[in-house]
Amino acid sequence: MSRSDEHERSTRRRVLAAMGSGTVVGLAGCAGQGGEETETESESGGGETDTQTDEEVDPSDVQTGEFVASAAANPGTFDPTVITDATSNSTIGAFSYETLVAPLFDLSEFRGELATDWSVDGSTYTFQIREGVTFHTGKEMTAEDVAFSLERTRGTTNGSDVSWFDSTNVLGDYEIELEAPDPHAPYLTNLSAVPILPNDVDGVSTSPGEDDFAFTEESIGTGPFLLDTFSPEDRVVFTPYEDYWYDGDDYPTTAPWDQVTVRVITEQVTQEEAMANGELGMIDNAAPFELQQWESQTGTVVADSAVGYDFVTYPVEVSPYGNNKFRRGLTKLIPRAEIIEAIFGGRATGLAGPVSPGLGAFFDAEREQELIQEYVAEDKGEAVSLIQEALDEEGVETPFQMSLITNVNRTRERWMEVIQQAFDDTEVLSAELEVRAFDDLVPFLLDPEGAAQSSDVVGIGWTGGSDPNGHVEGLLASYNHVPDGFNWNLYESEEMDSLIEEGQTTVGTEARRPIYDDIQELVADDLPMANMWTAEKLDVVNPDAVDDVNNWQPHPNSSNRYDTLYSPHLDQVTYPPQ
C-alpha cells in the first residue's frame, strides 16, 4: 500500500464515522454556507474548544515559505457576509474572516473559533466570546461586534443562517444570548457560516447592499491571513496576520506561510499544466478520469469523502417542466451509473436525493439504492413514454427544444454533455448545452430576472455542509426563492416546507433521521431537481510545495478547501518544505 493510499483510507474512515456537524454550504465550482451540530451538542449544548499539549512550538523552529494555489474564477465578492459561492468563501472568506464556531475536518464535532463555549436552555442560546481577539483593523472583538454581524446577515441570500432566532441580547463584552421562538437543531451549523466583522468601520453597516466599503482593498476580519492585493483575473495574495489570536502550544501562533497566492486560472487544462510544471502547490478540481497522469508528473492525489453533490434543476414553473411525468422521463434518461464509472472512475456514489453519504448516520445506503431503483434509475423505454405522454398533455409538439447550462469545469462539462446527448438521442427531444464561466453563471442563478424566468435546465454542484438541513433548505424551501435564497427554479411544496421545519426544530440525530428519509424520498418522487452523485474530494498536491504531503487534509466542503494550510484550533496545519 502506498503512502497516499494509507492517507486516503485513514481520512475516509474518519469522515464516514462522523455523525454530522456543520460548515459553509453553497454553489460548488465555487460556494455559500451551512452546517450542523452533533447530536451530543444539540442536546446538551456547550463545548470548550482550545486544544493544547505539553509540547510547545518554538516560533524560531518553524520554517516559512510561499504557497501558490489556483481558482477557476475571480471571487464573486470580497464582502464575507454575502458570499454565495465556494471560490469566494475558500479564498477571501476562509483566509481573512472567522465565525463563532467551526467543525473539525472529520465533521465529528464543533470547536469554538471566536466563541470559547456555548450552552442551550430551551430555545435560548448563550455564547461566551473569546477575549483578546483583534480585527485586522486593530480593534478588539466584543459581543457587540457579534450582534452587529448577525444582524448584517439578515435580508441577504444567506439570511436563513440567522432567521431562526428573533433577537440578540449582549450580556457583556464577552457574552451574547440569542432568543429563538423554537429549538433549532442546526444552530451551530448556521452560525458556522456567519462571519464576524467589526461594527465601527465606515462604509460597513447592517445593510450590505447599501455599503460602500472597498472590501477588495483590505480585509477587516479576525482570520489568520490579511488580504494583501487583489488583481482581477490574475491573483489574490494574502500575508499572515501577526496578531492572530491563537495561543495554544501545539502549533505556531501565526501562519507558517510568508505568503499565500491564489492564481485565477479559468481553464482547467491550464491549471493542470501549471501544476505539472511545478508552478502550483495544489489543485482541487483535477479531472477524475485523468488521475493517472499524476503518477508520472508533479502531484500526489490525496482523496477523501465529500459532503457536496452534483444535480440538475428543472424549471418547475414552466411548461412542460411543470409536468411531473416530463421531469421523471428526463431523469430516467440519465445514465447515472455509466457516468460514475466512465467519468468519475467509480469514485462517486449515486444519489436519488440531496442527502449524501458524508452525512454519516443521516444516510442509509440500502434505502438509497431502493429509491434509485424506484424513482431515478435509467430506463430509456419508460423515459420516452413518460416524456411523450407529458408533452401530449401539455400540448407541446415534438421534438421539444430544450437548453441545458453548466459552468466551466471539465468534469462537469463532460457529464452534462452525456446528459445532453442522452436527451438529444431521442426523437422527442432536441437538446443543446451552454457552458458559462462560473462567475457569470452564479449571478444568473441568483437573479430573480435570470434563471427564475428561464426554461433552462441547470447542472451544477452544491457544497452541502455537514448537516442535512444545509442540503435542502437553501435550494428547496419556498421561502428561499431567489433573491432570498438559492431556490432559483421557484419550487414550492407545503409538504417539503413542513418537513424542513420539522427537521430544524427536532433535536437529536435519531429523531431527525426519519424526517430526512422522508425528504429524500419526496425529492426523488417530486423531482424539482435530479440528484446525481457525491464524488470523492480529490486534491492533487505538489509534494515539493509542502513539508509532508501526508499532513495535507482535503476538506469535505469545497468552501474550506485551503483551511488545511493553517487552522490550528481545528488541528490542521501544513508546513512549508524544509
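Fair warning: this is a prediction, and the values are worked out from it, not measured in the lab.

Participant: Explanation requested: the sheet that holds strand S6 (residues 124-129) in the structure shown.
Facilitator: Within a sheet, neighbouring strands are paired by backbone hydrogen bonds and run either parallel or antiparallel to one another. Spatially, the four strands line up as an open sheet ordered S5-S6-S8-S7, and their pairing is antiparallel. Bordering the open sheet on either side are strand S5 (115-121) and strand S7 (167-172), each of which pairs with just one other strand. Looking at each pair of strands side by side, their axes are set apart by 20° on average, direction ignored. Across five bridges, S7 lies against strand S8 (residues 175-179) in antiparallel orientation. Residue pairing in the sheet places Ser 167 in a bridge with Glu 179 of S8. Contacting S6, S7 and S8, helix H4 (residues 143-153) runs over the sheet at an angle of about 170° to S7.

Participant: What is the right way to look at the pattern of salt bridges in this model?
Facilitator: Any two side chains of opposite charge can pair, given that their charged atoms come close. Summed over the entire model, instances satisfying the criterion amount to 24 salt bridges. Asp 571 is the partner of Arg 111 in a salt bridge, and the nearest nitrogen-oxygen pair spans 2.7 Å. Here Arg 111, found in strand S4 (residues 110-112), pairs with Asp 571, found in the loop between strand S21 (566-567) and strand S22 (572-573); they are 460 residues apart in sequence, far enough to count as distant. Residue classification places Asp 571 among the partly exposed residues on the basis of a relative accessible area of 29%. Among the salt bridges present, the one from Lys 139 reaches Asp 145, with a minimum N-O distance of 2.6 Å. Residue Asp 145 is classed as buried on the basis of its relative accessible area of 0%. Among the ionic contacts, a cluster of salt bridges with common partners joins Asp 79, Arg 152 and Asp 211.

Participant: Looking at this model, I keep getting lost on unusual backbone geometry. Mind explaining?
Facilitator: Phi is mostly negative for residues that are not glycine, and the peptide bonds are mostly trans. Omega for the bond connecting Ser 319 with Pro 320 falls within 30 degrees of zero, at 0°, which places this linkage in the cis form. Within the element layout of this structure, Pro 320 appears in the loop between strand S14 (309-313) and helix H7 (324-333). Following Val 482, the chain continues to Pro 483 via a peptide bond in cis, the omega torsion being 10°. Take Pro 483: it is sitting in the loop between helix H13 (468-476) and helix H14 (494-505). A positive phi angle, near 60°, is found at Leu 490, a position not held by glycine. Mapped onto the elements, Leu 490 comes out in the loop between H13 and H14.

Participant: How should the nonpolar core be read in this particular structure?
Facilitator: Phe 67, Leu 100, Phe 127, Leu 178 and Phe 238 are the most contacted members of the largest nonpolar core, which totals 68 residues. The residues touching Phe 67, leaving out its near neighbours within four places in the chain, are Trp 257, Gln 259, Val 260, Thr 261, Gly 281, Met 282, Ala 545, Val 546, Trp 552 and Leu 565. One finds Val 472, Val 482, Ile 515 and Met 529 within the second-largest nonpolar core, a separate group that totals 39 residues.

Participant: In this structure, what is going on with a negative patch on the surface? I would like to understand it.
Facilitator: Negative charge collects at one region of the surface, where Asp 166, Asp 182, Glu 495, Glu 501, Glu 502 and Asp 518 lie side by side. You can see Glu 502 is positioned in helix H14.

Participant: Help me out: how do you make sense of the packing of H13 against helix H15 (residues 509-526) in this one?
Facilitator: The packing of two helices is summarised by the inter-axis angle and the distance between the axes. At their nearest, the axes of H13 and H15 sit 11 Å apart, and the two run at 40° to each other. Considering their axes alone, H13 and H15 lie oblique with respect to each other. Every pair of crossing elements has a handedness; the one defined by H13 and H15 is left-handed. Side by side, H13 and H15 meet where Pro 468, Asn 469, Val 472 and Leu 476 of the first sit next to Arg 512, Tyr 516, Ile 519 and Val 523 of the second. Along the lines of polarity and charge, the residues of the contact of H13 with H15 split into six nonpolar, one polar and one charged.

The rules we used
Residues numbered from 1 in each chain as written. Predicted model: local features only at pLDDT ≥ 70, side-chain atom pairs only at ≥ 80, totals over all residues. Heavy atoms only, no water. Pairing = 2+ DSSP bridges. Helix = DSSP H or I, 4+ residues; strand = E, 2+ residues; numbered from the N terminus. Axes fitted to C-alpha atoms, helices over the stretch in contact; angles between N-to-C directions. Contact = heavy atoms within 4.5 Å. Salt bridge = Lys/Arg side-chain N within 4 Å of Asp/Glu carboxyl O. Buried < 20%, exposed > 50% of the residue type's maximum accessible area, 1.4 Å probe, protein only. Core = buried A, V, L, I, M, F, W, Y, C linked by side-chain atoms within 4.5 Å. Patch = residues over 30% accessible without salt bridge, like charges linked within 9 Å, V, L, I, M, F, W, Y side chains within 5 Å. Areas by Shrake-Rupley, 256 points an atom, 1.4 Å probe, with all protein chains shown as cover. Lys, Arg positive; Asp, Glu negative; His and termini not counted. Charge placed at Lys NZ, Arg CZ, Asp CG, Glu CD. Parallel < 35°, antiparallel > 145°, perpendicular 65-115°, else oblique. Left-handed = near helix turned anticlockwise from the far one by under 90°. Nonpolar A, V, L, I, M, F, W, Y, C, P; charged D, E, K, R; others polar.

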